[in-house]
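Remarks on the overall topology
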Amino acid sequence: MAKKKATKKVAKKATKKATNKKATKKKAAKKKTAKKKTAKKKTAKKATKKKVAKKATKKKVTKKATKKKVAKKATKKKVAKKKTAKKATKKKTAKKKTAKKNITPQKTKNRVVKRKATTKKVAKKSTKKSTKKTAKKATKKTTPQLSFDPKAHSANLFDSLLELIRMTSAELPNDVQKVILEALEREEKNTSAEYAMNIIKANIELAMKKSQPLCQDTGTILFFVEHPAGFRQGDFTKVVHKAVIKATEIGYLRQNSVDSLTGENKCMNVGPGHPDIHFHEHDKDTVEIRLVLKGGGCENVGAQYALPHTELGAGRDLDGVRKVILDAVQKAQGKGCGPGVLGVTIGGDRGSGYVHSKEQLLRRLDDENTIEDLATLEKDIVSTANELGIGPMGFGGKTTLLGCKIGVLNRLPASYFVSISYMCWAYRRHGIVLKKDNSISKTLY
Ligand code: SF4
């Protein structure tokens, strides 16, 4: 019995265990299912989110598309409106034209009268305004206008320049003629010197009479222009070029300027550096134009010395200057078509010295240097040179130089240049002063 009871208890325990196991299994199964459900729910949620996002993007795209469509429609409408507006304006203008055509003469008269009246009113107003303006201008300080305008009166300027070129090419200035005639008187009769000077005299007279060049070499064309502030140099230069070309065509100037590299002659006397125009602004309200035609032969015997010059024993003083000038005269003998005139500059650099020495040739032969030492030196050079016996054309005689003009420029302590420009007997130099309309007011020299 006891055994039976024990076995029953064991059996009960086993059944309990079994039931417990089943219960736990059921719980586990339940948990699994719950997990699965939650997973499913999550995936479902995600899917719905995606769907929502897709829908949103679709909506956006559609919105944009609709906006574009709307915009297109609007532009189409605008274009259509414009077209209609144009048509309307065309119609209006057409109507106006027809209306004009249909207007009776009386109506047109009335309109003309009205128009005249309005134009008169406008004219009155404008005249009032202009008078007020001019009155204001008059009361204000007068603004300086260009006194000399090369462009405004270019025809007058052209004529003035052409006349200056003719005059310079054909006529020696009075001060030069006077000195040449005096030199002729000094030469001994029946000598080569007198013969040469007589030929020069005859040449001068013939050229002036025929208004033809004094010499076959019409030389380098050197303009020196003094002008007030505001003078338009570019416009002036253009007119100078035209005048030079014309003067060359006419024959006042020889076709004398060639390309330095190729030797080509364009027969115009115009090219780089030619004519050579030097502008100087001055305080006067005048334009003064000086022209020098400088022959090639005499230009060739120009010279520049750097002092001290040991060979000549020339130091850096006026005695040294004197020595080198006389040396240049000696070296030029028989060349350069003497009797000559010297333009000399003490100082400057090599470039400015030569330019300034040419500017000395603008001085009258009978003027006196304002620097006393230089005035003395100028006279000394001429008298000494004329005692050298070189004479006109190097034929011997009493006239080697007609004049000597010496100027001075500042220099560097390291340099002491003496620049000498030699001018032949055909000392072609003239000048004009312009009127406001660019015609010639008076001649210089
Ligand atoms: S140097 Fe004078 S004179 Fe002699 S050929 Fe030339 S321009 Fe004529």
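Since we're looking at a predicted model, the values are computed, not measured. (Residues numbered from 1 in each chain as written. Predicted model: local features only at pLDDT ≥ 70, side-chain atom pairs only at ≥ 80, totals over all residues. Heavy atoms only, no water.)

1. Section: the pattern of salt bridges
Where charged atoms from two side chains of opposite charge approach closely, those side chains can pair. Within this structure, the stated rule accounts for 23 salt bridges. Measuring nitrogen to oxygen at the nearest pair gives 2.9 Å for the salt bridge that ties D175 to R429. Separated by 254 residues along the polypeptide, D175 in helix α4 (residues 174-186) and R429 in strand β8 (residues 428-434) bring together distant segments of the chain. Using a relative accessible area of 4% as the deciding quantity, one classes D175 as buried. Among the residues examined, R429 registers a relative accessible area of 0% and is labelled buried. Between K405 and D367 there is a salt bridge whose closest N-O contact spans 2.7 Å. Pair noted here: K405 is in strand β6 (residues 401-408) and D367 is in the loop between α9 (350-359) and α10 (372-385), with a separation of 38 residues, a long-range link. (Salt bridge = Lys/Arg side-chain N within 4 Å of Asp/Glu carboxyl O. Helix = DSSP H or I, 4+ residues; strand = E, 2+ residues; numbered from the N terminus. Buried < 20%, exposed > 50% of the residue type's maximum accessible area, 1.4 Å probe, protein only.)

2. Topic: the sheet that holds strand β9 (residues 440-444)
Hydrogen bonds between backbone groups are what pair the strands of a sheet, and the pairing can be parallel or antiparallel. Within the open sheet, the 5 strands sit side by side as β2-β1-β3-β8-β9. Their pairing is mixed. Each having just a single partner strand, β2 (276-281) and β9 make up the two edges of the open sheet. Across this sheet, the average inter-strand angle for adjacent strands is 20°, counted without regard to direction. Along the sheet, α9 contacts β1 (220-227), β2 and β3 (288-294); its crossing angle with β1, the most-contacted strand, is approximately 85°. (Pairing = 2+ DSSP bridges. Axes fitted to C-alpha atoms, helices over the stretch in contact; angles between N-to-C directions. Contact = heavy atoms within 4.5 Å.)

3. Brief notes about a positive patch on the surface
Taken together, K22, K25, K26 and K30 make up a surface patch of like positive charges. As for its position among the elements, K25 is in helix α1 (residues 2-102). Exposure remark for K25: the relative accessible area of 62% places this residue in the exposed category. (Patch = residues over 30% accessible without salt bridge, like charges linked within 9 Å, V, L, I, M, F, W, Y side chains within 5 Å. Areas by Shrake-Rupley, 256 points an atom, 1.4 Å probe, with all protein chains shown as cover. Lys, Arg positive; Asp, Glu negative; His and termini not counted. Charge placed at Lys NZ, Arg CZ, Asp CG, Glu CD.)

Read these as spatial facts, not as claims about activity.
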